[in-house]
Amino acid sequence: MPLDVFQQVFSLSLVSNLVNGLKGTQTDLQIALQLGLTFALPVIGDQWEVVWGPVVWKNQPDEATTGPDNSWYVAYHPSLQFEDGSVRPTYVIAIAGTPLEAEYVWIKENFAVNSVSDFTAWVAGGIQNPPVIVPAKSIVPGVPYIATGTVNTVHLLLTRPAPPGAASAGTTLLDFITKLDQSASPRLITTGHSLGGTLSPSLALALVSAGLISADATLTYPSAGASPGNSGFTDLFSQTFPPRKSADASSYQGWNLNLVNTLDIVPQAWCPLKPLSPPQNLANIPPIYGTPVLPIVRGATIVFAVHALSSGALYKPLPSQYFTASPPSVPPTSLEEFLQVLGPQHQLAYFNEVGITVPTLNESQVLGAGLSEKSKDEIRFNYPVIAELEWAREHPKEAQKVIEGAEDTPEAQDYLAESG
């Protein structure tokens, strides 16, 4: 049975992550993703083709013992049928991504959310230019702010040229989108899961706000994404991309809504105050799989909240569409058990809800590209928030010191007063 339009877009999103479970140099990972997409796209639909990229980027491109930092590409379908029966030529920007190395996150006190940039000012200055950090003391209520880590990565996605051998080699994504032929009224969709679920709606808003594409021709399909910015940013996103979902649609069949499993901790980040968003906030994380709450998870969540609050802006989730996967039969009694529960809640639960099987690279493709596979523990470092908990599991003494330091801060007291 053919996949519906949402299943196709979600599948395109997930195959951007094909090499996230692998280790190798940037060049080897690039080759593997290009090869993987040639196998994966025909499974999704007959007429899909890669027209830009893919691009694999690593901060240390020659390091062979780590995986990719970001991967993204553009797929094209000449006549995609949408849920309302309309048929449009369609471009899909699919974005993967992994968070900052977790030890850096804990020790250097930078979750990439402890500072923000003025989104409107960045767009006005040209999205081809790097964004500027706004000090916490200079935050102005009502202004759309976006996490510095998020907007810096969006800037990277826009300005990194496709490498030799990739589709549209030598062209940046920004140039590719700017030069699209508009005569056939194409539609543009941005999509991504996990960190990609944070980056893809932010990228769409940047392109529309810069006047490079029209909001009417653009849709977003994020899943499992953490909050990119504050209330001003979320309001701007909602005004630009109103939710599009029919009353009789399934849980996953909506545009411009973050698909969220209520038992997934990643979309609970980074809203620090429960009253601001009761369904999605950091205080929901410790008891998410039942009580009693694990002290290490509670402590880590305090650290998360301190960093989010130190930005001077209050993060608020984008509009979401929800489902609830099966909970564990008994609450986890250790951090390892907690991590074992949350992994499937962040991945497999979504695949099951949308009703797809995710294409993977087979062993011959991995070996042929000269790559190695990540261990189970290394794969946990692929995901925001989960990576920080995995590092805490591996370094309990160091994590406890950070937690103790965070608990005495004014930000921690504000968080605890609101979260109970």
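Focus on the overall build of the chain
Move 1: Helices and strands together make up the secondary structure of the chain, namely 16 helices and 12 strands.
Move 2: Against the globule reference of 22 Å for 420 residues, the chain gives a C-alpha radius of gyration of 20 Å, in line with a compact fold.
Move 3: With the principal axes as the frame, the chain shows a C-alpha extent of 60 × 50 × 45 Å.
Move 4: Within the chain, contacts between residues at least 6 apart in sequence are counted, and of these 75% link residues at least 24 apart.
Move 5: Working note: accessible area of the chain is about 16,400 Å², and carbon and sulfur atoms make up 54% of it.
Move 6: Seen as two clouds, the 19 positive and the 36 negative side-chain charges of the chain have centres 2 Å apart.

Structural notes on the pattern of salt bridges
Move 1: Following the criterion strictly, the structure yields five salt bridges and no others.
Move 2: Close ionic contact of R244 with E83 constitutes a salt bridge, the shortest N to O distance being 2.9 Å. Taken as a pair, R244 in the loop between α8 (231–240) and β10 (258–261) and E83 in the loop between β3 (70–81) and β4 (87–95) lie far apart in primary sequence, 161 residues in all.
Move 3: Across the pair R393 and E390 runs a salt bridge, and its minimum N-O distance is 2.9 Å. In this pair, R393 and E390 are both assigned in helix α14 (residues 386–394), three residues apart and thus about one turn of the helix distant.

Brief notes about the nonpolar core
Move 1: Formed by 48 residues in total, the largest nonpolar core has its most connected members in I265, W270, F338 and L389.
Move 2: Contributions of two or more residues to this core are made by β7 (145–147), α9 (295–309), α10 (335–346), α14, α15 (396–407) and α16 (410–419).
Move 3: If one sorts the elements of this core by residue count, α9 sits on top with 10 residues.
Move 4: The residues touching L389, leaving out its near neighbours within four places in the chain, are I265, A300, F304, L335, F338, L339 and L342.

Digging into the sheet that holds β7
Move 1: On the basis of which strands lie adjacent, the open sheet formed by three strands has the order β6-β5-β7 and antiparallel pairing. Looking at the sheet topology across the chains shown, the edges are occupied by β6 (133–134) and β7.
Move 2: Relative to β7, strand β5 (residues 116–118) is paired through three bridges, and the arrangement is antiparallel. Bridging from a neighbouring strand, D118 pairs with Y145 of β7.

Observations concerning helix α1 (residues 5–15)
Because an α-helix packs 3.6 residues into every turn, residues spaced three or four apart end up facing the same way.
Move 1: Most of α1 is tucked away, with 11 of its 11 residues classed as buried.
Move 2: Every buried residue of α1 is accounted for by V5, F6, Q7, Q8, V9, F10, S11, L12, S13, L14 and V15.
Move 3: The secondary structure elements touched by the buried residues of α1 are α2 (26–44), β3, β4, β8 (187–193), β9 (218–223) and α11 (348–354).
Move 4: Put simply, D4 is the residue that caps the front of α1, since its side-chain oxygen is 2.9 Å from the backbone nitrogen of F6.

Things to note about the packing of helix α7 (residues 195–209) against α8
Move 1: Axis separation between α7 and α8 bottoms out at 11 Å; the angle between their running directions is 70°. Taken together, the axes of α7 and α8 are roughly perpendicular relative to one another. Viewed along their axes, α7 and α8 form a crossing whose handedness is left-handed. Mapping the contact onto sequence places P201, S202, L205, V208 and S209 in α7 and F233, L236, F237 and T240 in α8.

What about the side chain of N261?
Move 1: Here N261 lies in strand β10.
Move 2: A distance of 2.7 Å separates the side chain of N261 from the side chain of Q345, its partner in a polar contact.
Move 3: If we ignore the near neighbours within four places in the chain, the residues touching N261 are F323, T324, A325, Q345, A349 and Y350.

Regarding the packing of aromatic side chains
Think of a pair of aromatic rings as described by two things: how far the centres are apart, and how the planes are tilted against each other in angle.
Move 1: For the structure shown, the criterion picks out 15 aromatic pairs.
Move 2: Ring plane angle 45° and centroid distance 5.9 Å describe the contact between F6 and Y221, whose orientation is recorded as tilted. Taken together, the residues span a long stretch of sequence, with F6 in helix α1 and Y221 in strand β9 at a distance of 215 residues.
Move 3: Taking the relative accessible area as the measure of exposure, Y221 reaches 0% and is therefore buried.
Move 4: Ring plane angle 55° and centroid distance 6.1 Å describe the contact between F82 and W255, whose orientation is recorded as tilted. Here F82 is found in the loop between β3 and β4, whereas its partner W255 is found in the loop between α8 and β10, with 173 residues between them in sequence.
Move 5: Put simply, the rings of F6, F10, F82, Y221, Y252 and W255 touch in pairs and so form one group of aromatic residues.

Re the packing of α1 against α2
Move 1: Running from N to C, α1 and α2 point in directions that differ by 165°, and their axes come no closer than 10 Å. By the angle between their axes, α1 is roughly antiparallel relative to α2. Considering only the axes of α1 and α2, their crossing is right-handed. Residue-level inspection shows Q8, S11, L12 and V15 of α1 in contact with α2, the latter providing L33, L37, A40, L41 and I44.
Move 2: Counted by class, the contact of α1 with α2 contains seven nonpolar, two polar and no charged residues.

Focus: the pairing of β9
A regular strand places its side chains on the two faces of the sheet in alternate fashion.
Move 1: The element β9 is extensively covered by neighbouring structure, given that six of its six residues are classed as buried.
Move 2: Side chains T218, T220 and P222 of β9 all project onto a buried face; the interleaved residues L219, Y221 and S223 project onto the opposite face, where all are buried too.
Move 3: Handedness of the crossover joining β8 and β9 through α7 is recorded here as right-handed.

Thoughts on the confidence of the model for the chain
Move 1: With 93% of its residues at a pLDDT of at least 70, the chain reaches an overall mean of 91.
Move 2: Within the model, the stretch residues 102–110 combines pLDDT values under 50 with 25 contacts to residues more than four positions away or in other chains.

So, how was this worked out
- Residues numbered from 1 in each chain as written.
- Predicted model: local features only at pLDDT ≥ 70, side-chain atom pairs only at ≥ 80, totals over all residues.
- Heavy atoms only, no water.
- Helix = DSSP H or I, 4+ residues; strand = E, 2+ residues; numbered from the N terminus.
- Rg over C-alpha atoms; globule rule 2.2 N^0.38 Å.
- Contact = heavy atoms within 4.5 Å.
- Areas by Shrake-Rupley, 256 points an atom, 1.4 Å probe, with all protein chains shown as cover.
- Lys, Arg positive; Asp, Glu negative; His and termini not counted.
- Charge placed at Lys NZ, Arg CZ, Asp CG, Glu CD.
- Salt bridge = Lys/Arg side-chain N within 4 Å of Asp/Glu carboxyl O.
- Core = buried A, V, L, I, M, F, W, Y, C linked by side-chain atoms within 4.5 Å.
- Buried < 20%, exposed > 50% of the residue type's maximum accessible area, 1.4 Å probe, protein only.
- Pairing = 2+ DSSP bridges.
- Polar contact = N/O pair within 3.5 Å; in protein donor to acceptor, adjacent residues only side chain to side chain.
- Axes fitted to C-alpha atoms, helices over the stretch in contact; angles between N-to-C directions.
- Parallel < 35°, antiparallel > 145°, perpendicular 65-115°, else oblique.
- Left-handed = near helix turned anticlockwise from the far one by under 90°.
- Phe/Tyr/Trp six-rings, centres within 6.5 Å; stacked < 30°, edge-to-face > 60°.
- Nonpolar A, V, L, I, M, F, W, Y, C, P; charged D, E, K, R; others polar.
- Right-handed = clockwise from strand over helix to strand, strands pointing away.
- pLDDT = per-residue confidence, 0-100.

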